[in-house]
Every structure is written in structure tokens, then in C-alpha cells.
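Residue-level structural notes
Listed below are the residues making up each chain.
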Amino acid sequence: MNYEFEAIEAKWQKIWEEKKLYACQNGGDKEKFYALVEFPYPSGEGLHVGHPRPYTAMDIIARKKRMEGKNVLFPMGYDAFGLPTENYAIKHHIHPRAVTEKNIANFRRQLKSLGYSFDWDREINTTDPKYFKWTQWIFLQMFKNGLAYKTKMPVNWCTSCKCVLANEEVTEGVCERCGSPVIRKEKSQWMLRITKYADRLVDDLENLDYIERVKLQQTNWIGRSHGAEVTFRSTLGDEILVYTTRPDTLFGATYMVLSPEHELIGKWMEKLENPEEVRAYQAAAAAKSDLERTELNKEKTGVKLGGVMGINPVNGKEIPIFISDYVLSTYGTGAIMAVPAHDDRDWAFAKAFGLPIIEVVAGGNVEEAAFTLKDDTGIMVNSGFLNGMTVRQAIPAITKWLEEQGIGRAKTNYKLRDWVFARQRYWGEPIPIVHCPVCGQVALPEEQLPLLLPDVESYEPTDDGESPLSAITDWVNTTCPKCGGPAKRETDTMPQWAGSSWYYLRYMDPHNDEALASKEALEYWSPVDWYNGGMEHTTLHLLYSRFWHKFLYDIGVVPTPEPYAKRTSHGMILGANPHYVGNFDTQEQKDEMLRKYGSDALRPAVKMSKSLGNVVNPDDVIREYGADTMRLYVMFIGDFEKAATWSPNAVKGCKRFLDRVWAMAESVTGDAAEYSAENMSRMHKTVKKVTEDIDALKPNTAIAALMTLLNEIGDHCNRAELKTFLQLLSPFAPHICDELWERKGFEGICSVSQWPAYSEDKCRDQTVTMAVQVNGKLRGTIQAEADCADSDAVAAALADEKVARFLAKQGGSLRKSIVVKNKLVNLIVK
RNA sequence: GCGGGCAUGGUGUAAUGGCAGCCACGGUGGUCUUAGGAGCCACUGGAGAGAUCCGUGCAGGUUCGAAUCCUGUUGCCCGCACCA
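Let us look at the structure shown here. (Residues numbered from 1 in each chain as written. Chains lettered and ligands numbered in written order. Predicted model: local features only at pLDDT ≥ 70, side-chain atom pairs only at ≥ 80, totals over all residues. Heavy atoms only, no water.)

Some words on helix H23 (residues 699-713)
- Along its 15 residues, H23 runs 21 Å from first to last C-alpha, staying within 8% of the 21 Å computed at 1.5 Å per residue.
- Among all positions in H23, only Pro699, Asn700, Ala702, Ile703, Ala705, Leu706, Met707, Leu709, Leu710 and Ile713 are buried.
- As for H23, its buried residues are in contact with helix H20 (627-636), helix H21 (648-667), helix H22 (680-695) and helix H24 (719-729). (Helix = DSSP H or I, 4+ residues; strand = E, 2+ residues; numbered from the N terminus. Expected span 1.5 Å × (residues − 1). Buried < 20%, exposed > 50% of the residue type's maximum accessible area, 1.4 Å probe, protein only. Contact = heavy atoms within 4.5 Å.)

Examining the packing of aromatic side chains
- A complete count under the given rule lists 41 aromatic pairs for this structure.
- Judged by centre distance (5.1 Å) and plane angle (90°), the rings of Trp419 and Phe421 are edge-to-face. Judged on exposure class, the residue Trp419 and its partner Phe421 are both buried.
- Both rings, one in Tyr524 and one in Trp525, keep their centres 4.7 Å apart while their planes meet at 80°; by these two values the pair is edge-to-face. The burial state of Tyr524 is the same as that of Trp525; both residues are buried.
- The rings of Phe139, Phe143, Trp190, Tyr197, Trp419, Phe421, Trp497, Tyr544, Phe547 and Trp548 are connected pair by pair, giving a single aromatic cluster.
- The cationic tip of Arg63 hangs over the ring face of Trp16; the distance from NZ or CZ to the ring centre is 5.0 Å. (Phe/Tyr/Trp six-rings, centres within 6.5 Å; stacked < 30°, edge-to-face > 60°. Lys NZ or Arg CZ within 6 Å of the ring centre and 35° of its normal.)

Regarding the sheet that holds strand E32 (residues 814-820)
- Read across the open sheet, the four strands follow the order E31-E30-E33-E32; overall the sheet is mixed. Strands at the two margins of the open sheet, each flanked by one partner only, are strand E31 (777-785) and E32. Between one strand axis and the next, the sheet turns by 20° as a mean value, whatever way the strands run.
- Sheet topology places strand E30 (residues 767-774) next to E31; eight bridges connect them, and they run antiparallel. Bridging across to E31, Met770 finds its partner in Ile782.
- Together, E30, E31, E32 and strand E33 (824-829) form the strand contacts of helix H27 (residues 790-799), whose direction differs from that of E33 by roughly 70°. (Pairing = 2+ DSSP bridges. Axes fitted to C-alpha atoms, helices over the stretch in contact; angles between N-to-C directions.)

A few points about the packing of H24 against helix H25 (residues 734-743)
- Where H24 meets H25, the axes come as close as 8 Å, and the angle between the chain directions of the two elements is 155°. Taken as axis vectors, H24 and H25 run roughly antiparallel relative to one another. When the axes of H24 and H25 are compared, the crossing they make is left-handed. From H24, Lys723, Leu726, Gln727 and Leu729 reach across to H25, where they touch Cys737, Leu740 and Trp741.
- By residue class, the composition of the contact of H24 with H25 is five nonpolar, one polar and one charged. (Parallel < 35°, antiparallel > 145°, perpendicular 65-115°, else oblique. Left-handed = near helix turned anticlockwise from the far one by under 90°. Nonpolar A, V, L, I, M, F, W, Y, C, P; charged D, E, K, R; others polar.)

The structure is reproduced here in C-alpha cells:
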């Protein structure tokens, strides 16, 4: 009989579901293991081939841990609030809830068709009121603890989504989601005080088992820098506070720069000699989108404030004050002292405006370029009492002096901004706050949670930037929970990242009505042992959820200071680029592609997209080759951490492998309960290799080892060897293994059988092939007894025919020999 | 500009100081066949008839020995980007 994957996969998926084979318990004698993958956003397009890569990898880990006797929590759910669903609902006049339900049903079907060992009893959905009740509850705790606040501030505004965006959602000045330009807009916004946790979010990374690039990216994003705040005075008498990481260069400050939005400018405006010019510059800066600011950042612009000067506190020198948009109002104090000799941007500005450049750290040529090294390379000059010190010595010395003079202090700054936590859209969690004209912002009493979304006629965002909820007057108008007077509900909703910031906790106890999860469940399962997800979430979801978790830890809700013990990340799956020049034979065609698509035509692989027509639908692959082949291929495609290109041909190779596994199983006869002597070390080696490679997240080489084993023993495999082979393959291709296990009459179900053991001892061969080098170059190989004495190996090497011939030809005598046990002999001859 | 990563056959890749190219795709030849876009077998880094020689982006270095470590350099990818 042939390998009929369609019937087999349907059969086993049904059995697993009916037996609840992969359900786990909260508690028990077994050691717990919590494996987590990022839950998907259930889009209308369905599962992308990118999804099965991380999901299959963690499924393999979960399945192996289960076979190793652990109590494994491996859950799945849906992060279902969000704009695409809402936009689809608007376009097709359907309620977003209906769209969400339809999409989830499709995702669930697709996930089940891949045979993942999720505990389906724990499925969650962030748009379920029973779920978002607790999202709202956490928000209220933050509000009560002063971490959620509303403030008027310039925000990122997407001109197409008509919605504010978090800093993390803006890339190169455009909306990360839709690619439209983002502009700055003054708006009153709910914010979360993530900056309060900045230090802990950086420092606690140290003890986490995260891959290095995730730690680095989070550290860079938080962007902690140490420096000093220094108070300058103006000739009009005001104090101007600046932030600098280089207080050592204070004597070299030859001018100052304020951001165009700085408050002192308004105060001075009356007294300025050039108010028109200043106002014009401010207006121009305000009108620029982030994109324009980014594009124009090479050329420095600015306006000198006429009629006011700054006074350098270290030497009393009067220096000019400029406004320029290279100084950001949102970082530091929005004002800087400019030291052109030792800062690249200040240098460029000084050159453009003909300002003096005073060297205060010797070691470079400040007329040619700024000298910016912050180590012991340079010596302080032109700097009064700092002269002769290195930069490293000067920084604490000047900081101490500033503190003594009462005009400055050490200061730490962060690039991290507070999190803009509101969206002017319908399909999100309502913010459970009431605005009372008497009492102000009032938290909704917890017993009134969840605060449900009202049904509305239209989900269209309004042009004035208000949420569609603002038009639902019977929902908006309410009474104040505090004073009972008339009040209005908050009409903004939470951003998409809200629900996903704590979802891993809900899986621990998903049906709890009393708490987000029981104390016992949280104690038992925390922390997540292994979390795999995309690099694109490093500074968004991953950072946000660490922040929420730390807050929940501080108020005693969760038992651990960090949510995830280990974090790994997968590479993207790319599609073939139809415009790639390598696809074309004639020079004319190549030129045509280059002309049309530019450097894009030089990439063989690109992100899959509908417009390129290179999208692969998992349903099609499963229909043609089966889920086991699909799983195997996405794991075999290449290094898990790197981007990989989908190859329709390579999929066939995985199908062929499974066909051969089927044929091998059918051919096995007899009742051997032990490996044959001939295959002994081979079996043990493969068990070791597969065991270690799964733990090291190298599924590609584990599969290669299984393919090698099949090639080696396929035609003389005994029953014991087949049993182990099926168990090793089972996490990768569970359906075919369970089927063959049953057909061959093994006991129980392969998927939950005990993971095979190996012994180091039996991994060793009796005789080994050793390479023989002469002066480091390979000249032959010898067969030697394993672990033989070095002298025996050398003797055997010298006796080898090829080696002897070479030595005779070359002449000279043996000076030295290096033996690497069981591997190599290197003869040094001169 | 800053931070990180990568570079190996026709292709995806493997080897992380010890026989470069495991495994797979593709290719060539054979076999079976009414047929082969199925299966099976053999070969498949380059040059050479061969013994051999050459070969991991490029140039150096360390080492008995380097794809692997170090220095420099070129190209590509990712993240951040006027963060003082």
C-alpha cells in the first residue's frame, strides 16, 4: 500500500483531538515546560507560509519535550483586534466581529490541518469580552498606579489610517502598516509610562536567555546614555537647561541651539530683532512631515536669534543662540550646547554658518572633521582646570565641579519615549475611563468590566481625528461612577499591542472569571520557558509585554520579574523574485528589468506579495504533498534564524523522503528488540544528533541526519531500528509516524511514546578512519582502532602506502607529529 | 552616520580550529517502460588522460593545521537614525 497522506493525516488529527492527546494539566508530578509561539493576527488572507516556520519549530520542541516526559503547555490563540479587519468591515459593510469570527475559523482550520500539538482547550481570542475584560483590568491598575495618563502632546499621525501611531510603529517617517506619510499633530493622548521601567528593561536583559541580537536591539531602542544637565544663562536673564553626554567639552561650546518648539522662543519673541524670520522657521519645521525631516537631514538649517546671547558658565563667554530642527524637542531638554570641534552635527552646522571651532581635546584635526572619540585617545586643552586630563578623567571632574557650583548635575537620558496608548478607531478594547466635568478622569469600577463596544452603524474614522465611538451618543453619555453626575466615556480604544501584552498569562488559566489567571496557575507555569517569534516584534510586542509583566510583578499579580526565560527568532520565508535579472537570458530582457525595477531586479528573492504573484498558500502545499511534507520542508529549508527562499522543487525532496520512509517501514520484518550490531553506533549517533539539534533549534541538520540514516539502513532495517527511527521523525512528521507505528503493531501512540535514549559509549565505532597530513596537507587516510595510542597512529600513518610514497619523494626527516584522537595525524617533516 | 549580521559548487546549505561541500534541489547517464514530468542505480566544485594541482568575496596575519580566530578591505542584508 502507498503512503496516502490525505486519509492518514485526517485520521490522526481526529484521533488526537478526540483523545485530547496534547492537553496539559495545571500541576502534577511531571516537570512543566511552557513553549510559546506568537499568536497570529487572523487576517482575511489566511495563514501565510511564514507562519508554519516558527509554529512547526516550536511544535517539534513541544512534541519532543512531551516524549521526554514533561507536562507541556503549547497553546494557540488569536490577536484579533486591529485595523485590517476594521477596514475590511467598512468596505464590505459587515460587523468587524463577524469578519473576525470568519477569519478565526479559517485560521483554526489551517492550523489544525498542519497537525500542531496545541492544547485546543486553551484557545484564546483577544476580542472576546471575557478576555479583554482583563486587558481593561490591567489598564485600570496602571491608571491607579499613575502609569496611564492623558496628556496633550505632538503625536505621530498617519494620514491614511487617520489614527495616531506609537513611535515604534513609524519607520522612516511612514506608517509601518500602510506606508502612508506620518505627520506630527498636537493631540490629547493616553500614554503609558514605559520610561519608568527603562532601566529595568535594559538591566534585566543580562540574565535572560535571549538571542544576542534581540538584547542588542532592545538596548539600542531604549538608548540609555549618561551625561550631564548644565544650566546656561541668556543675556536676557533666563536659564537655558541643556543636556550633553560630553560635559568635558564645555569649554569648546561656541554656540547654542534650541529646538524650534522650545518654550523660551515664545517668551523672547517680543524682544528679538528678527521675529519674522524666527516665526517662519518655526512654521516651516512644524509643517515638515517626519519623512521630509529625515530626507533633509543632511543639510543643516537654522536661524540665529537676534538680540539674545547665551553665556557659557565655565568661562562667561557670550555665544550666539540658534534654532534648528536638528535639535529635537522630544529628547533631553530640547536645547543643546554646541561643540563643533567634537560633535559631527555641530561641526556641520558650524561650517554651514561660519561659526568658530575651538579644539578642547587634542588628538584630531578639528578643521577637517570633528574629533569625537570618548576614550583616552585625546588630552584636554583650552579647558582651564581640565587641561592635561584624558576625556575619561575630565568627565567626572567637570561633573563634580558643576554640581559644586550648583549649575549642573549628572543625568541619564533615554531614547525610549512613553507609549502612545490610544487609537481613534472602533475595533479595539474601549478604554475604561469616564470623563466627569466635576471629578475629572474616573476609572470605571472593576465590577463594570468588561466595558463592551457598542454596536454602531458606521466604523468610519472621522476626519477630525475622533474615534467612531464619539458619534454614539447613548454610549458616550453616561454617569460619573464617583459623583453620579452626567459624564462622558473615553472614546479612544487601545492599540493592537494591548491584548498581546499579557496573553501568555491567560493561556495558563484561560477560563478563569475571577482573575486574569489563578495564583496557582501563574505559580506553576511562569515563566514561559521558550518563546519564539519574529524580529519585527523586538521593540514592539516583546518590549511592551516585558513592561506590562514587570508592572504586574510590582503589584503582586505575577510571581516572576520577567515573562519569558528564553527568546529565539526565525528568519522570514521569501518568494522568488519574478523580476530577478538572473531569470532572463537575453541582455535586452535584463536591461529592461533593471530599467523598470532598478536594484530590486538584482535580488533573487523578495518578500512574498500579491502584486508580485509569488505568494505560496499553505493550503495548496498541504493538498498536494500533505502536512508532514510541508512541516518537514519548512524545517529543512535552511538555517532557522536566517531568511530562506521558498523552492517548489525542494518540497518534492521532502515528499520523496517520506515515501521512502513508508517503503522502508513496509519492508521491515522480524521481531528484533535490539539494534543490529552493524547499525548500533549509527543508531546511537543519530539519536544523539537529532536530540541535540532539536534543543539547539537546528531542525535542518536533524532532518539531514534522519535522511542520512535512511540512506544507510533503509534496505536492512530491523524492527528495533524502525521503532527508533519513527520516534525521531515523529516531532517533524507526526501523522505518518503514528500511522506506521500502528501498522507495525507498536504499543500505544508514537507521538506520546518515550523519546529514545542513546549512550555516548555506543556512539563510538570500533575502527575509525583518520586523516593523515604531511606538513598540514592531506596526503592519505588510515584505518585505526578507536582510541589507539598516538604512537600506533603515527606508525600506521608512516606505513600507509600513499604517505610513504609522498615522504620518499619529498625527502627530509620526521621532526614532530601531532595526533588528534580518532581524527587525524599530522606529520611535520623537514 | 551608529549598531548588528552575512559572504562556501549551477541552487538551498553542512562543517565554528582537524579529511571543505553532509543532506537536499537541479543536472548528466543508465535501468524499468507503450510512455516517463513516477521509481530505482551511478556520476555530479574546477582544471587535467592521469599522478596530481587548484578551490570557502579580496589582501595580510596567528597556528603543526584556518571556511572557522585576528587585522584590513569590498559587497550585500537587517535594525535605528540629527537621540546632543
